[in-house]
Amino acid sequence: MPGPIPVPPTVVLVHGAFTDASSWTGVIRLLHAAGLAVRAPANPLRGLAHDAAYVGSVVRQLGTPVVLVGHGYGGAVITAADADNVVALAYVAAFGLDAGESLLDVTDRFPPMPGADTAFTAALPGRSSAGTDGELYLRGESFSELYAADLSPRAGRVLSVRQRPLAQRALTAGSGPPAWASRPSWYAVAAADRMLNPTAQRFMAQRMAATARLLDGSHAVVLSRPEAVAAMIGEAAGAVI
């Protein structure tokens, strides 16, 4: 007698800093075309514990197996999100932190990317229940070069204007037990990334024993190489059905 039909996973896409969920638009279209259910919640960008708790709550409410995908800072969020229905993780030029590790712990371990030390500006936020003590933006004149060098200058300017800030406290917050330690993982390394050192990306992919894919793209690889990103996510989804 045949067993129960496996429930297809839902793909949950978590964007990183300095962008929003619209960055996944091309990837979402391709995943939908492949027959996958997709959610792309807004990452609050208010701090690691706060953001991971929010994403975890979204995932737990779905009632299906989930392939959880993170881009950039979103990788740190999916690593710390606590949800038993996550069956696989996929990282796209993303932080896959270990227990007690912060974003700065990773970036400081590798040579800084050219220009990154002058790319940020901070501003004090308004009143916030998350209690942030400052917000980070990418300077407009640096955005295209550092974040989206493989997109057109016009596209880079639009992304710069639309960017969402990251709470400064997110840089130094230590992560909890990593979700990748108990789940199969995939990792897309952006070979031309000028935000997160590709060597750091390879290190994190190797540490989590991820199935790695090398993509010729900037940090905005979800926009510049949506086909390759969607293919990796589809591979992860197919592996857990």
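Everything discussed here concerns the structure shown above.
Each chain has its residues counted from 1, running along the sequence as written. Local features in this predicted model are restricted to residues of pLDDT 70 or higher, and side-chain atom pairs are both shown and tallied only at a pLDDT of 80 or more, whereas totals for entire chains, interfaces and linings draw on every residue. Here the side-chain values reflect all heavy atoms present in the structure, with hydrogen atoms and water set aside.

Peer 1: Account for the nonpolar core, naming residues and giving values.
Peer 2: Within this scheme, the nonpolar core is defined by two criteria: the residues are buried Ala, Val, Leu, Ile, Met, Phe, Trp, Tyr or Cys, and they are joined through side-chain atoms within 4.5 Å. Classification of residues uses two cut-offs on accessible area relative to the type maximum, computed with a 1.4 Å probe and protein chains only: under 20% is buried, over 50% is exposed, and between them is partly exposed. Phe 18, Leu 68, Tyr 73 and Tyr 187 are the most contacted members of the largest nonpolar core, which totals 48 residues. Here, residues are in contact when the closest pair of their heavy atoms is within 4.5 Å. If sequence neighbours within four positions are ignored, Leu 68 has contacts with Val 12, Val 14, Val 55, Val 59, Ile 78, Ala 81, Val 86, Ala 88, Leu 89 and Ala 90. Membership of the second largest hydrophobic core comes to 26 residues, among which are Leu 13, Ala 90, Ala 228 and Ala 230.

Peer 1: Please provide a residue-by-residue account of the packing of aromatic side chains, values included.
Peer 2: Centres within 6.5 Å make a pair out of two Phe, Tyr or Trp rings, where for Trp the six-membered ring is used; the pair is then stacked when the planes are under 30 degrees apart, edge-to-face when over 60, and tilted otherwise. A full pass over the atoms with the stated rule returns four aromatic pairs. Centre to centre, the rings of Phe 110 and Phe 203 are 5.7 Å apart; their planes meet at 55°, and the pair counts as tilted. In this pair, Phe 110 sits in the loop between helix 4 (103–107) and strand 5 (120–123) while Phe 203 sits in helix 7 (residues 198–207), placing the two residues 93 residues apart along the sequence. By definition, any uninterrupted DSSP run of H or I lasting at least four residues is a helix, any uninterrupted run of E lasting at least two residues is a strand, and each is numbered from the N terminus.

Peer 1: Residues and numbers for the side chain of Ser 102, please.
Peer 2: Summarising the element assignment, Ser 102 is placed in the loop between strand 4 (86–92) and helix 4. With residues up to four places along the chain from it excluded, the contact list for Ser 102 reads Leu 97, Leu 171, Thr 172 and Ala 173.

Peer 1: So, the environment of Ala 188: which residues are in play, and what are the values?
Peer 2: Mapped onto the elements of the fold, Ala 188 is located in strand 8 (residues 185–190). Residue Ala 188 is classed as buried on the basis of its relative accessible area, which comes to 1%. Between the alpha carbons of Ala 188 and His 71 there is a distance of 9.5 Å; along the sequence they are 117 residues apart. With residues near it in sequence (within four places) discarded, Ala 188 still touches Tyr 91, Val 92, Ala 93, Gln 201, Arg 213, Leu 215 and Met 232.

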